[in-house]
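# Chains, contacts and geometry: an overview
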Amino acid sequence: MPRAESMALRLAILALCPLCSVPAAHASGPRWVTGPPYFAVASQPVVWYTPNIAYFTDPGDLSAAVGHDAADAIVAAAAGVWNIPIANIALEQGGQLAEHVSSANVYLGANGPVFPADVSSSNFATIQIAVIYDTNGSVTDLLLGQGASDPVECRQNGVTESVDSITPMGTIQHALLILNGRCTGSAAEQQLQLQYQLMRAFGRVLGLAWSQTNDDVFTRTPMPTADEVQNWPIMHPIDVVCGPYTYQCQPSPFTLRPDDVASLSALYFITQGTAPSGKSDTLSNASSITGRMQFGDGQGMQGMNLLVRRSDLQTPYVERGAVVSAVSGNLYRWSNGNPVTGAPAETVAASMGTVNPPLEGEFSLMAIPLLQNAGAQDTFISSEPINPLYTGQYGLGPYLSAPVTPSGPAFPWRDNNVMPYEQNFYVWSVPGSEATCDATALGTAAAPTPVAATGWWTNVLCGYGATSWSLVNVQANRNLSVEVTALDESAFVTENKLQPVMGAWNQTDAAGSLPTVAQAASPFNSIAAGLTLLKFDTAATGSLRLAITDQRGDGRPDYHFRARVLYADSISPAMTSPAGGLVTITGLGFRAGLTVTVGGASAQVIAATSTTILAIAPPFPALGTGAALTADVTVLDPMSGGSTTMYAALTYMENSTLPQTPVLTVLTPAFYVAAGQTVLLSPVASLSQSGAAAPGIAVNWNSASGALTYPGGSQSISDMNGLAAIGASVSSLPAGTLATGSACATIGASVSLCGNFTAVGIDPSLWTVVAIEGVAQTVSATSILQPVVFQVTDGSGNPVIGAPVTIYQTVSGYQVCPAAGRCPVAPVYSTSQTTANSDSNGLIVATVQQIYGSPQTTTLAASTGTQGFVSVTLQKTP
């Protein structure tokens, strides 16, 4: 296992400060951390203003089955759990409230619920915690909504906690605990369930965060050991449900686990030699490890869950159950605001942490207890991502809205021969993590980067608070889409990294203003995985400034993204006959598979590049009765949900008003072919007279380059749609060179017309392969995995024709890796290797190798050229 970067650093710290108190970042993490704009201090855990916290109970009965004295006994048992000797805190009953609290004396005021004076937060100096016996559930309903107190909701609403006073100096002054009397009854288990919930609620009002320690007890993946179950913390985020009462799902449910003890004692730390009467130094039989996790480029890595396991010095056995956990970067900024949604609000929730670079990956594993009867021990630290289910009210922080998967593989290391009071510090660059961060192409609000000519580009929001600024030119009376797909550092689509949001401004708008044209303030709002979509109309011709940023205002080297502007700018010709006809749509962000409608009626798409679509507009009657002569033209991408519309762009005219000039158009003016390969092409020419298709016309195809030939003959005849196709071949075209061909025909009164096309050789180093369909498949063992579609492009979105793609497939056994230790090697059932050439749209369709009726994992890897590679993993689950 890896060791610390510098043993000298560890020894130097111990020598200079053997009795130092630990930094203010604690175990699985504080529930709240101070920061601007609400707090006057920064990066401090929020704790109670006094170590002696008194709770006062309601003088009434809890329910018909639980009288006042019995209710007080439940509260005392739940509170007493938190009175531990190594934490400088005392939680005791101070007396009773002045009245029985109910809907008779609680009501909703203009600023929220209004309680009796002695229950109010203004009375914090006398009553720190008010415990309310909500006999009929009316207070619970008032706070949570009508029906919240219903007994069927008791798992969620048996106890409601509210910390209703936190000062700008970062101290808790007052809290409420509301016990739902409708969750009690004649069964003793009902009262024990309420006591269990209240115990967890006391932990929350004391300032403890949730903890992800031995999480396989919750996930059951893999099945937990007895050691892990015994060390599953009381402050786990979500209960395991094993029957009517969740407290029965764990042994000794009313006993704090080591991580709970570590979390509480870290918040209320007792420095060596300062323990008051009845208390002990926090590290009298424990140690701590603090430090910093960082990317290869030195930026701190927030949101990594770290776990500690122990081993004595006499045996090599390492315990399976973790005893202490910590989340890196808890003291750093949790939500920074962004240019799309604005600065953080002046609230407690929006003011967690501060932007101080050393804190971004900082962690603190506090009060790691020594093994029984051991004077010293080895500690083993491992890393893991935070469970994606732990968000919102179940979030661990600092990424409460959406946990971020760490960069790089799981990261273990070892701390040897650790003794009581020892406080070690390490700085770790995570092996295999993203190591580069180049923000030069992101642009600025004042100088945005022009959108790529194809409408497609990739980038990375590296550096905290980074925003990508782009510039696009548009016409008035258009609708367009901007798409952003979040990628991980391996270019795979993900929703566990960047949370992209977008805004659009007129370029003349002042920098620093909120979006004036449009915004997508929530990530992943489209039908496609990992994709945020912004659609809006253009009011005027000019330049638009686009911003892509993280919803939390975050930025790090593994926040990659792929962006696209889908925009139809113009159509030619802008007039057509009642019979319809060929049109050319120019714009940005096009690709194969798009659909086109004119006035809501489908048009036939002939060909598409990233900037051009050739389509046959439908006849006017297809638009329906009452349709206007001037119609909207819409381009839709069914894969992403993006679309673009040119309003009132195509006009249907009478034949007599149309130009009589015949037209010949080569539909694909440029083919992008694999250099060095023999590639088959299908050029198509469109012929029309007076705007109508010209069938039965002979077209002669010529070659201006020896690399271009017509193996089946060089003449074709136009069909009923006026389309004449030919088979062509390009042989071993060198990279960067052109092969040119032409089509000529005589239409009408001896008018000879010609059109040209080119084939461009694309070097193998530019071939890029991506998986565009069938990527995220997880099905049952009895279901069938659908084909995966890959596409080869030249890196600018243009499909490469004739590129040889090798597809490797491996079918292995389905398995779940353990939370700790190595993942067993799965049995390999079969492997295969096939090669196919990309078609005229750059596509390759791979039939997935699979075993029917059996749980399995199929991995497909596609490679092309000298650098193109992509991997897809599909699963059949038990």
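Residues numbered from 1 in each chain as written. Predicted model: local features only at pLDDT ≥ 70, side-chain atom pairs only at ≥ 80, totals over all residues. Heavy atoms only, no water.

## Description of the nonpolar core
Formed by 69 residues in total, the largest nonpolar core has its most connected members in Trp82, Leu91, Ile129, Leu177, Phe202, Leu206 and Leu264. The biggest single contributor to this core is helix H5 (residues 188-205), with seven residues. In this structure, Leu177 is in contact with Ile129, Ala130, Val131, Ile132, Val159, Thr160, Glu161, Leu198, Ala201, Phe202 and Val205, ignoring residues within four places of it in sequence. (Core = buried A, V, L, I, M, F, W, Y, C linked by side-chain atoms within 4.5 Å. Buried < 20%, exposed > 50% of the residue type's maximum accessible area, 1.4 Å probe, protein only. Helix = DSSP H or I, 4+ residues; strand = E, 2+ residues; numbered from the N terminus. Contact = heavy atoms within 4.5 Å.)

## Considering helix H8 (residues 258-267)
Burial of H8 is extensive: eight of the 10 residues sit out of reach of the surface. Residues of H8 that are buried include every one of Asp259, Asp260, Ala262, Ser263, Leu264, Ser265, Ala266 and Leu267, and no others. Those residues of H8 that are buried lie in contact with strand E1 (47-48), strand E11 (324-327) and strand E12 (362-369).

## So, unusual backbone geometry
Along the chain, Thr221 connects to Pro222 via a cis peptide bond; the corresponding omega equals -5°. Topologically, Pro222 is positioned in the loop between helix H6 (216-219) and helix H7 (226-230). In this structure, Pro573 follows Ser572 across a cis peptide bond, with omega equal to -5°. Within the element layout of this structure, Pro573 appears in the loop between strand E24 (560-572) and strand E25 (575-576). Non-glycine residue Ser43 carries a positive phi angle of around 60°. Tracing the backbone through its elements, the reader meets Ser43 in the loop between helix H1 (7-16) and E1. Since its relative accessible area comes to 7%, Ser43 is described here as buried. Notably, Arg220 is not glycine yet its phi reads approximately 65°, a positive angle. Inspection of the secondary structure assignment puts Arg220 in the loop between H6 and H7.

## Details of the packing of aromatic side chains
Throughout the structure, instances matching the rule amount to 16 aromatic pairs. Consider the rings of Tyr247 and Phe254, whose centres lie 6.0 Å apart with planes at 35°: the pair is tilted. For Phe254, a relative accessible area of 23% gives the class partly exposed. When the ring of Phe411 is compared with that of Trp428, the centres are 5.0 Å apart and the planes differ by 75°; the resulting orientation is edge-to-face. Placement of Phe411 in the loop between strand E13 (377-384) and strand E14 (413-418) and of Trp428 in strand E15 (residues 423-429) is noted, with a sequence separation of 17 residues between them. Here Phe411 and Trp428 have matching classes, each one buried. (Phe/Tyr/Trp six-rings, centres within 6.5 Å; stacked < 30°, edge-to-face > 60°.)

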